[in-house]
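Examination of the molecular architecture
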There are 2 protein chains.
Amino acid sequence: MTSQDLNSLKVSRDRLLTDLHYTCQWGTGKRWGENTTDTGMRRLALSDTDKQARDWFVETTKAAGCTVTIDAMGNIFAVRPGKRSGPPTFAGSHLDTQPSGGRYDGILGVHAAVEMLHVLNENHIETEFPIGVVNWTNEEGARFPISMVSSGVWAGQIPLATAHDLVEVTPPRTETLSAALARIGYNGPTEVSHTAIPMAAHFELHIEQGPILESWNRKIGIVTAVQAYRWFTLDVRGRDAHTGTTPLSARADALLTAAKMILHSHRIATKLGCVASTGILTLEPGSTNTIPGHVRFSLDIRARNDGILDKAEEALRRDFAVIAAGEDVGGLNDGATPGKACQVEWRTDSVSSEIDFHPDCIKCVTESAEGVFGAQAKELTAEMVSGAGHDSVYTSKVCPTSMIFIPCKNGVSHNPEEYSTPEDCALGAQVLLGAVLRYDRLRAEKAGREY
Amino acid sequence: MTSQDLNSLKVSRDRLLTDLHYTCQWGTGKRWGENTTDTGMRRLALSDTDKQARDWFVETTKAAGCTVTIDAMGNIFAVRPGKRSGPPTFAGSHLDTQPSGGRYDGILGVHAAVEMLHVLNENHIETEFPIGVVNWTNEEGARFPISMVSSGVWAGQIPLATAHDLVEVTPPRTETLSAALARIGYNGPTEVSHTAIPMAAHFELHIEQGPILESWNRKIGIVTAVQAYRWFTLDVRGRDAHTGTTPLSARADALLTAAKMILHSHRIATKLGCVASTGILTLEPGSTNTIPGHVRFSLDIRARNDGILDKAEEALRRDFAVIAAGEDVGGLNDGATPGKACQVEWRTDSVSSEIDFHPDCIKCVTESAEGVFGAQAKELTAEMVSGAGHDSVYTSKVCPTSMIFIPCKNGVSHNPEEYSTPEDCALGAQVLLGAVLRYDRLRAEKAGREY
């Protein structure tokens, strides 16, 4: 196929969106608007509704001529044969959602890949190598508390037993991941491994989940990298005391101390040009008239590279110790009453280094976007760094990978109101299709040179 | 009786502490030390263990010659006859505890009053008027969420129906207060009213629950007043957003905003010489990688008088609105990234004005302490203001009232490690006994003059 031929292949916006909203009947969430599809999603990994969406995926890809393989993490790989054998070039994402998620995060990436199969079939395209579509299990980490766990096992980065033994963190909090797989019949026989199920490349279309494309007025984000992040749990321990009878000077107030730390982490992030966020905070004992003796909070710091994160972590570890001791950092204690010291402990939950995507994949996405937008490509696309983690982070460790972003309204995600326009969804699917086919052609050219 | 005679009556330290620890077999809580009695208490109001303690109270006071009356809030009034009839002079407190409470808060006040009965009996004392011992229901507000609710109904300050309809806030969160009363058989037939069950006066011995007596090296606090307090619930609403994909400038971070407010409330309290505390904080949605869109927190402000509280509330309402709008107050935004505005809403949960105790009662406590300490009284006692609310706040609205405090270790209360020495417990009970008998004599003198 020539580039011209590639540009003539068109995804069907209507089919893409009709199918996407059809599968969102399984796990429909909170309503936010008047249209039929104005709802969020609650489709927890390996739930009954996730099974229904998976069954649709298996039936649809089989009907599209694919061979379907399910591995022992429930990852589903659908492969459409090419002219010759070899590892398929994959596109995909995940069908599970946050408890209070939307219709696009992950779901769009799977549906765009399925739409790719339909376009290939209706145009009777025979690709050089096989083409695959993948649905990864429990990407969100919302039910079983490791994000991207199944691509992590596949890439050899997370032990299978660790993943299988995860216990759901959503009520009733009793089922393990392996039990949930068995219950819905998705405990496949195939080894979870990038050697057992190799990929030539992995492409993932995703909503941006942030406000950048929207604010820049761009239609397509060419994702070149994923920022580094580290997750910590902080425990601040002071002493429970009665709010009415304990003078400010006699307090070891764990919440006041944590409040200073949270504000300070924001200041450090501002200074170093990274982001710091606290999304979870719990305290004990939890009574209006008792000063909390114990506060636990999450700290999520992210930066373009590990060097910046090293600096941020170092500054925060140093300054939190000073704040806990009751001493001043940056004027936090201005106008405050000196109190008693608290203790602070750090636990590192997750460390993810910066990821650079593969130049060949980035090139295919860029050329595909040029094919879609023509002379307007420069104005309508932008290279960008992903702020969030995705299954593509793990695939990038063992095969060439890159991602494509489309704008989402107000940058909102992990929220029922998450929304991307049908136009933007279709543009994203169109760029995905072109990128996968260009990569397939690139492999053939390289193979031609090599053999 | 002469003052000399009064001073010759001695409480039994051993009996007092033996009885107190005996009843602490019902609802024993967390162990913190090696001695048998080194545990906290978890005796929620109207629970099965509270019933066992109540049964002991009824049997013991009946055996001590009292007539026992139970009202429709489960308050228990035990009355020992005097030479003549008339409203009894009461001593008492409460037998319920916090979920993670100690062995002294409330419990000591009831046991000291029961010990008073034993001393009167073994010395064959006939008082001028009847003497009463009272156990108030659900003082803590820890199970049914209004503190001091039953003295509040008795004093005509809280409607009976409001109290009866309270639903437990501890698991399983299903039972109403009236159902709990019926279940344990303490739904008494007597009207809950200070006219149906009048008191000539109310004296309450209590642990200080703060560090002041300990730091001043005083044995007895002569409580002259209770500080004013106000409880609020604050809702801060921003927008849920992904921590990795949302630049600091695009965030409406409800937790960062709440952290600024909590720090600022501490600064305002420092400036105005009052206290401000946050004991409860919850957030949504509660995920490491999601910026919280909603934070709810309690705010408890207390001051010596309503005027100071007025100023504090006014300043906080004004400044919280500014903080929510993202603007600076007092340098909080130094080095911070300007973000999007949040909304803040206030709900007033509780307002309690300053309370001055009755001069006659204060005088009886002072003279009793002088009887106990002799020439050392000035060094070993101190007039003080209660920082916490007590049933005595409500009784003071309808009858002469005052309180006696003893030190507690490190000022710790509402904690399993709450502790007062046997010596201090006995000294407190001794001062209580003397105060009640002096008040009884004072009434007789006044009656003699009047009639």
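Calculation notes
- Residues numbered from 1 in each chain as written.
- Chains lettered and ligands numbered in written order.
- Predicted model: local features only at pLDDT ≥ 70, side-chain atom pairs only at ≥ 80, totals over all residues.
- Heavy atoms only, no water.
- Helix = DSSP H or I, 4+ residues; strand = E, 2+ residues; numbered from the N terminus.
- Rg over C-alpha atoms; globule rule 2.2 N^0.38 Å.
- Contact = heavy atoms within 4.5 Å.
- Areas by Shrake-Rupley, 256 points an atom, 1.4 Å probe, with all protein chains shown as cover.
- Lys, Arg positive; Asp, Glu negative; His and termini not counted.
- Charge placed at Lys NZ, Arg CZ, Asp CG, Glu CD.
- Least-squares fit on C-alpha atoms with pLDDT ≥ 70 in both.
- Buried area = accessible area lost by both parts, 1.4 Å probe.
- Salt bridge = Lys/Arg side-chain N within 4 Å of Asp/Glu carboxyl O.
- Buried < 20%, exposed > 50% of the residue type's maximum accessible area, 1.4 Å probe, protein only.
- Pairing = 2+ DSSP bridges.
- Expected span 1.5 Å × (residues − 1).
- Phe/Tyr/Trp six-rings, centres within 6.5 Å; stacked < 30°, edge-to-face > 60°.
- Lys NZ or Arg CZ within 6 Å of the ring centre and 35° of its normal.
- Domains from an automatic or database assignment.
- Polar contact = N/O pair within 3.5 Å; in protein donor to acceptor, adjacent residues only side chain to side chain.
- Nonpolar A, V, L, I, M, F, W, Y, C, P; charged D, E, K, R; others polar.
- Axes fitted to C-alpha atoms, helices over the stretch in contact; angles between N-to-C directions.
- Parallel < 35°, antiparallel > 145°, perpendicular 65-115°, else oblique.
- Left-handed = near helix turned anticlockwise from the far one by under 90°.
- Core = buried A, V, L, I, M, F, W, Y, C linked by side-chain atoms within 4.5 Å.

1. A look at the overall build of chain A
Regarding its fold elements, chain A presents 14 helices and 18 strands. In terms of overall dimensions, chain A is globule-like: its C-alpha atoms have a radius of gyration of 24 Å, near the 22 Å expected for 451 residues. When the backbone C-alpha atoms are referred to their principal axes, chain A occupies close to 80 × 50 × 50 Å. Considering only contacts within chain A whose residues lie at least 6 apart along the sequence, 78% involve residues at least 24 apart. Within the structure as shown, chain A displays about 16300 Å² of accessible surface, and the carbon and sulfur contribution to it stands at 49%. Mean positive and mean negative side-chain charge positions of chain A (43 and 55 charges, respectively) differ by 1 Å.

2. So, the relation of the copies chain A and chain B
The two copies are related by a screw motion: chain A maps onto chain B through a turn of 179° and a shift of 0.0 Å along the axis, at an RMSD of 0.1 Å. Interpreted geometrically, this transformation is the action of a two-fold axis. When C-alpha positions in chain A are compared against the rotation axis, the closest is assigned to A:A259, at 2.2 Å. A symmetric contact is evident, with 100% of the interface residues of chain A recurring at the interface of chain B.

3. Points about the environment of B:H358
Residue and element names in this part refer to chain B. Mapped onto the fold, H358 is located in the loop between β16 (355-356) and α11 (359-373). Residues H358 and S402, spaced 44 residues apart in sequence, show a C-alpha to C-alpha distance of 6.4 Å. If we ignore the near neighbours within four places in the chain, the residues touching H358 are P400 and T401.

4. Some thoughts on the interface of chain A and chain B
Facing the 60 residues of chain A at the interface are 61 residues of chain B. Here chain A and chain B share an interface that buries about 5100 Å² over both sides, 59% of which is from carbon and sulfur atoms. If you sort the residues of chain A by the area they bury against chain B, A:T245, A:H266 and A:T288 come out on top, with a joint share of 12%. Put simply, chain A and chain B have zero salt bridges between them.

5. Considerations on the pairing of strand β7 (residues 201-207) of chain B
Regular strands show a simple pattern: their side chains alternate between the two faces of the sheet. Residues and elements named next belong to chain B. Along β7, seven of the seven residues are buried, which leaves the element largely enclosed by surrounding structure. What you see with β7 is no split at all: A201, F203, L205 and I207 on one side and H202, E204 and H206 on the other are buried throughout. Pairing of strand β5 (residues 89-93) with β7 involves three bridges; the strand directions are parallel. From the neighbouring strand, F90 faces β7, where its bridge partner is H202.

6. A closer look at helix α4 (residues 107-122) of chain A
All names here are of chain A. Across its 16 residues, α4 extends 23 Å between first and last C-alpha, which sits within 8% of the 22 Å expected from 1.5 Å per residue. Within α4, 14 of the 16 residues are buried, leaving the element largely enclosed by the surrounding structure. H124 sits one or two positions beyond α4 and adopts a positive phi of about 50°.

7. Digging into the packing of aromatic side chains
One pass over the structure, following the stated rule, counts 20 aromatic pairs over all chains. Where A:Y229 meets A:W231, the ring centres are 5.5 Å apart and the plane angle is 45°; that geometry is what we call tilted. A relative accessible area of 8% means that A:Y229 is categorised as buried. Residue classification places A:W231 among the buried positions, given a relative accessible area of 16%. Between B:W32 and B:Y419 the ring centres are 6.4 Å apart and the planes differ by 65°, which places this aromatic pair in the edge-to-face class. Of the two residues, B:W32 sits in the loop between β1 (28-31) and β2 (39-41) while B:Y419 sits in the loop between β18 (401-406) and α14 (422-450), which places them 387 residues apart along the sequence. The class for B:W32 is partly exposed, based on a relative accessible area of 30%. Within the aromatic cluster, the residues linked to one another by ring pairs are A:F77, A:F90, A:W136 and A:W154. Here A:R54 stacks its cationic end above the ring of A:Y186, 5.0 Å away from the centre of that ring.

8. Points about the domain arrangement of chain A
Residue and element names in this part refer to chain A. When its domains are assigned, chain A resolves into domain 1 (3-227 + 354-450) and domain 2 (228-352). For domain 1 and domain 2, the distance between their C-alpha centroids amounts to 37 Å. Each side of the interface is counted separately: domain 1 has 12 residues, and domain 2 has nine residues. In this assembly, domain 1 packs against domain 2 so that about 740 Å² is buried in total across both faces, 42% of it on carbon and sulfur atoms. Its largest share of buried area at the contact with domain 2, domain 1 owes to Q227, E354 and V385, together 65% of the area lost on that side. If you look at where domain 1 meets domain 2, you find one salt bridge. Among the ionic pairs, D356 bridges to R304, the shortest N-O distance being 3.4 Å. Linking domain 1 to domain 2 there are three residue pairs in polar contact (both at pLDDT 80 or more). Taken together, the residues of the side of domain 1 that touches domain 2 sort by class into six nonpolar, four polar and two charged.

9. Topic: the packing of helix α2 (residues 13-23) of chain A against α4(A)
Residue and element names in this part refer to chain A. Contact pair α2 / α4: the axes reach a minimum separation of 10 Å and the direction vectors enclose 135°. Classified by the interaxial angle, the pair formed by α2 and α4 is oblique. Handedness of the crossing formed by α2 with α4: right-handed. For the pair formed by α2 and α4, the contact residues are R15, L16, D19, L20 and T23 on the first element and I107, L108, H111, A112, E115, H118, V119 and E122 on the second.

10. What about the side chain of A:R43?
Residues and elements named next belong to chain A. Tracing the sequence through the fold places R43 in the loop between β2 (39-41) and α3 (48-63). Lacking a salt bridge, the buried R43 has D50 as its closest oppositely charged neighbour, with an N-O distance of 4.7 Å. Here L95 takes part through its backbone oxygen, which lies 2.9 Å from a polar atom of the side chain of R43.

11. Section: the nonpolar core
By size, the foremost hydrophobic cluster in this structure holds 101 residues, and its most contacted members are B:W154 and B:F203. Here this core takes 11 residues from α14(B), the largest share from any one element. Ignoring any residue separated from it by four or fewer positions in sequence, one finds B:W154 in contact with B:F77, B:W136, B:V192, B:S193, B:H194, B:I197, B:M199, B:T395, B:V398 and B:C399. Core analysis: the second largest hydrophobic core is formed by 100 residues, A:C24, A:M116, A:W136 and A:F373 among them.

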